[in-house]
2 protein chains.
Amino acid sequence: MKDKPLILLSNDDGVAAKGIQELIKALRPVADLVVVAPSGPRSGASGAITSEVPLKCRMIRREPGLSVYECSGTPVDCVKLALHTIVPRKPDLVVGGINHGDNSSVNVHYSGTMGVVIEGCLKGIPSIGFSLCNHAADADFSFTLPYVRRITEEVLQHGLPVGICLNVNFPNDSVLKGVRICRQTKGVWTNEFQQAVHPRGGHYYWLTGEYRNDEPEAEDSDHWALDHGYVAVTPTKIDVTAYEIFEELSHWNLTV
Amino acid sequence: MKDKPLILLSNDDGVAAKGIQELIKALRPVADLVVVAPSGPRSGASGAITSEVPLKCRMIRREPGLSVYECSGTPVDCVKLALHTIVPRKPDLVVGGINHGDNSSVNVHYSGTMGVVIEGCLKGIPSIGFSLCNHAADADFSFTLPYVRRITEEVLQHGLPVGICLNVNFPNDSVLKGVRICRQTKGVWTNEFQQAVHPRGGHYYWLTGEYRNDEPEAEDSDHWALDHGYVAVTPTKIDVTAYEIFEELSHWNLTV
């Protein structure tokens, strides 16, 4: 009998977040799970790594088919440390999430969940990020779980090309219309700060902001899919080279 | 007489680092400069943003054509806060660096310097990151400065397409052979941790590692250029969609 697949899970909302607990629930029937997640919230950690201070990591739960560790670092640190010292063999899959909040469009660049996924992909492991467009700590993830399982099983079966991972976002809508393969929407964050007066003088600033979709009518974009009740699957790549301007740059005068 | 261009500078080594001071020196003849940089080292901050705590920012130097601010947050926070509250008008350019250390190949995904640059690009501003393959605090940047100025002037003159920025890396070699337009090298970090015994039990881990170039003979790659004494200019894009697997994914069974 073939061993069950091994999946490494992490997130950026912290090991205690509901989203990763729901992810565990969805994937336990499918695979053996090793969870290595941050000890607290790391939202917006992107691909950050910790180099100035050392990392701590400890096992907090172990039972057949599941072990759970919490780590002092960033989401990417968790994946690196898991692959270096924790997993018994190279995982068949790395999964990030389920994130409390939307990681479609430009959010991929800030997302700690996608930090997890890109790190798995950089290490040559098929990787998927799952996110729900609901920031609430007690968000209802139940309607996403059949899709989480289905997409995970498809990736286990087909694999993914080297250097490509999946960014999967769910609308906050319990009646899902199905899945669309999408591209990253063009958009921008505006009005990004709330300013307040510091009791000892000067100001301090809270990061906030409003997302502006620059192409709300683009039916092939991930934000359109989410706005219209579909699961958005956005394949995402490691090679960020802009090949399309090589020719143009070759005409610049870059001689000193 | 036309106003001088306005350039926003930031980095991930902190406002006091030699690299950004050298960058200021190189670009003062070219433009008015606003520097908004982290108050201390933020190496490996990637595109991280700060949402759990508020940000502080203060002006530490002002003279004609130059103002300098330090900020409590990440490199991306610095750019966001600068654009929201500090700059007198939308800058003509955002420049990150000069980084103490290599940001070619997969390092683009961890780099706080490239976090700065990608944030500028996300905001629709032409953006460039400069990095030197030398981590030393007192690294010699002098031989890079004519290229920093030249490349900056070319970007000011030609602009860059929306959604594309430049990742420029210098070999640590005072006799530069010229500039090559490159693609991102395929490679991977291995052996990423040093483990030590914690005085109160268990272990702690320092992130370190060895870079493995998976295509050392690829003459169009940025790492090849650096290994052979060239300045590597790697155009980099915001849209990380992997369009090449849309067709393949369309055959998967993603119905629940």
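Residues numbered from 1 in each chain as written. Chains lettered and ligands numbered in written order. Predicted model: local features only at pLDDT ≥ 70, side-chain atom pairs only at ≥ 80, totals over all residues. Heavy atoms only, no water.

Peer 1: Sorry, what's going on with the interface of chain A and chain B here?
Peer 2: The extent of an interface is frequently quoted as the accessible surface area lost upon association of the parts. Opposite the 78 residues of chain A that make contact, chain B presents 78 residues. Overall, the association of chain A and chain B removes approximately 7200 Å² of surface from exposure, summing both partners, and the carbon and sulfur fraction of that is 67%. Lys237(B) is paired through a salt bridge with Glu244(A); the nearest N and O atoms lie 2.9 Å apart. Viewed at the interface, chain B and chain A are joined by 33 residue pairs in polar contact (both at pLDDT 80 or more). Residues of the side of chain A that touches chain B, tallied by class, amount to 43 nonpolar, 21 polar and 14 charged. (Contact = heavy atoms within 4.5 Å. Buried area = accessible area lost by both parts, 1.4 Å probe. Salt bridge = Lys/Arg side-chain N within 4 Å of Asp/Glu carboxyl O. Polar contact = N/O pair within 3.5 Å; in protein donor to acceptor, adjacent residues only side chain to side chain. Nonpolar A, V, L, I, M, F, W, Y, C, P; charged D, E, K, R; others polar.)

Peer 1: Explain the relation of the copies chain A and chain B here, please?
Peer 2: The pair of chain copies shares a relation made of a rotation about an axis and a shift along it. Aligned on chain B, chain A shows an RMSD of 0.0 Å; the corresponding rotation is 180° and the shift along the axis is 0.0 Å. The two molecules are tied by a two-fold rotation axis, judged by turn and shift. Most of the interface of chain A is mirrored in chain B: 100% of its interface residues are interface residues there too. (Least-squares fit on C-alpha atoms with pLDDT ≥ 70 in both.)

Peer 1: Can you help me understand the UniProt feature "binding site: a divalent metal cation" (unreviewed entry) in chain A in this one?
Peer 2: All names here are of chain A. When the UniProt feature table is mapped onto this chain, "binding site: a divalent metal cation" (unreviewed entry) is found at Asp12, Asp13, Ser43 and Asn99. The largest pairwise C-alpha distance within this set of annotated residues, which runs over 88 residues, is 9.0 Å, so the set is compact in three dimensions. Its location among the elements puts Asp13 in the loop between strand E1 (6-10) and helix H1 (18-27). Taking the relative accessible area as the measure of exposure, Asp13 reaches 17% and is therefore buried. Those residues in contact with Asp13 that lie beyond four places of it in its chain are Gly40, Pro41, Ser43, Ile98, Asn99 and His100. At 3.4 Å, the side chain of Asp13 and the side chain of Ser43 are in polar contact. Taking the relative accessible area as the measure of exposure, Asn99 reaches 4% and is therefore buried. Contact partners of Asn99, with chain neighbours within four places excluded, come to Asp12, Asp13, Thr113, Phe130, Ser131, Leu132 and Phe141. At 3.1 Å, the side chain of Asn99 and the side chain of Thr113 are in polar contact. (UniProt positions renumbered as here; feature names shortened; annotations may be inferred. Helix = DSSP H or I, 4+ residues; strand = E, 2+ residues; numbered from the N terminus. Buried < 20%, exposed > 50% of the residue type's maximum accessible area, 1.4 Å probe, protein only.)

Peer 1: Quick question: what am I supposed to make of the sheet that holds strand E5 (residues 93-100) of chain B here?
Peer 2: Hydrogen bonds between backbone groups are what pair the strands of a sheet, and the pairing can be parallel or antiparallel. Residue and element names in this part refer to chain B. Pairing is mixed in the open sheet, where 9 strands are placed in the order E3-E4-E2-E1-E5-E6-E7-E13-E8. Edge positions in the sheet fall to strand E3 (57-63) and strand E8 (179-181), since each has one partner strand and no second. Direction aside, neighbouring strands of the sheet carry axes that sit 20° apart on average. Note that E8 and strand E13 (residues 231-237) share 3 bridges and pair parallel. By the bridge assignment for E13, Val179 is matched with Val231. Along the sheet, helix H1 (residues 18-27) makes contact with strand E1 (6-10), strand E2 (32-38), E3, strand E4 (66-71), E5 and strand E6 (127-132), crossing E5 at roughly 135°. In the packing of helix H3 (residues 112-122) onto the sheet, the strands contacted are E1, E5, E6, strand E7 (164-170) and E13, and the crossing angle to E6 comes to about 170°. (Pairing = 2+ DSSP bridges. Axes fitted to C-alpha atoms, helices over the stretch in contact; angles between N-to-C directions.)

Peer 1: Would you mind showing me how to read the packing of aromatic side chains here?
Peer 2: The description of an aromatic ring pair rests on the distance of the ring centres and on the angle between the ring planes. One pass over the full model with this rule turns up 12 aromatic pairs over all chains. Consider the rings of Phe130(B) and Phe170(B), whose centres lie 6.2 Å apart with planes at 20°: the pair is stacked. Of this pair, Phe130(B) sits in strand E6 while Phe170(B) sits in strand E7; the two residues are 40 residues apart in sequence, bridging distant segments of the chain. The exposure classification of Phe130(B) matches that of Phe170(B), with both residues buried. Ring pairs connect the aromatic residues Phe130(A), Tyr147(A) and Phe170(A), which therefore count as one cluster. Above the face of the Tyr230(A) ring, Arg180(A) is positioned so that its terminal group lies 5.3 Å from the ring centre. (Phe/Tyr/Trp six-rings, centres within 6.5 Å; stacked < 30°, edge-to-face > 60°. Lys NZ or Arg CZ within 6 Å of the ring centre and 35° of its normal.)

Peer 1: Even after reading the chapter, I still don't get the nonpolar core, so can you show me in this structure?
Peer 2: Nonpolar side chains tend to gather and get buried jointly when the protein is soluble and globular. Leu8(A), Val34(A), Val36(A), Cys57(A), Leu8(B), Val34(B) and Val36(B) are the most contacted members of the largest nonpolar core, which totals 65 residues. Residues in contact with Val36(A), not counting those within four places in the same chain, are Leu8(A), Leu9(A), Ser10(A), Cys57(A), Tyr69(A), Cys71(A), Cys78(A), Ala82(A) and Ile86(A). (Core = buried A, V, L, I, M, F, W, Y, C linked by side-chain atoms within 4.5 Å.)

Peer 1: Explain the UniProt feature "domain: Survival protein SurE-like phosphatase/nucleotidase" (unreviewed entry) in chain A to me, please; I cannot follow it from the model alone.
Peer 2: Look at the UniProt record and you will see "domain: Survival protein SurE-like phosphatase/nucleotidase" (unreviewed entry) annotated at residues 7-190 of chain A. The straight-line gap between the two end C-alpha atoms of residues 7-190 of chain A is 37 Å; of that span, 26% is helix and 28% is strand.

Peer 1: I keep staring at the side chain of Arg183(B) and nothing clicks. Help me out?
Peer 2: Relative to the helices and strands, Arg183(B) resides in the loop between E8 and strand E9 (187-190). The class for Arg183(B) is buried, based on a relative accessible area of 9%. Residues contacting Arg183(B), with those up to four places away along its chain left out, are Thr241(A), Tyr243(A), Phe246(A), Glu215(B), Ala218(B), Asp220(B), Ser221(B), Asp222(B) and Thr234(B).

Peer 1: Just checking my understanding: could you explain the pattern of salt bridges for this structure?
Peer 2: Proximity of charged atoms lets side chains of opposite charge pair with each other. Residue and element names in this part refer to chain A. One pass over the full model with this rule turns up 30 salt bridges over all chains. With a shortest N-O distance of 2.7 Å, Glu63 and Arg28 are connected by a salt bridge. On the criterion of sequence distance, the pair formed by Glu63 in strand E3 (residues 57-63) and Arg28 in the loop between H1 and strand E2 (32-38) is long-range, its members being 35 residues apart. Classification of Glu63 by relative accessible area gives partly exposed; the value is 31%. Residue Arg28 is classed as partly exposed on the basis of its relative accessible area of 26%. For Glu153, the salt bridge identified is with Arg150, shortest N-O distance 3.8 Å.

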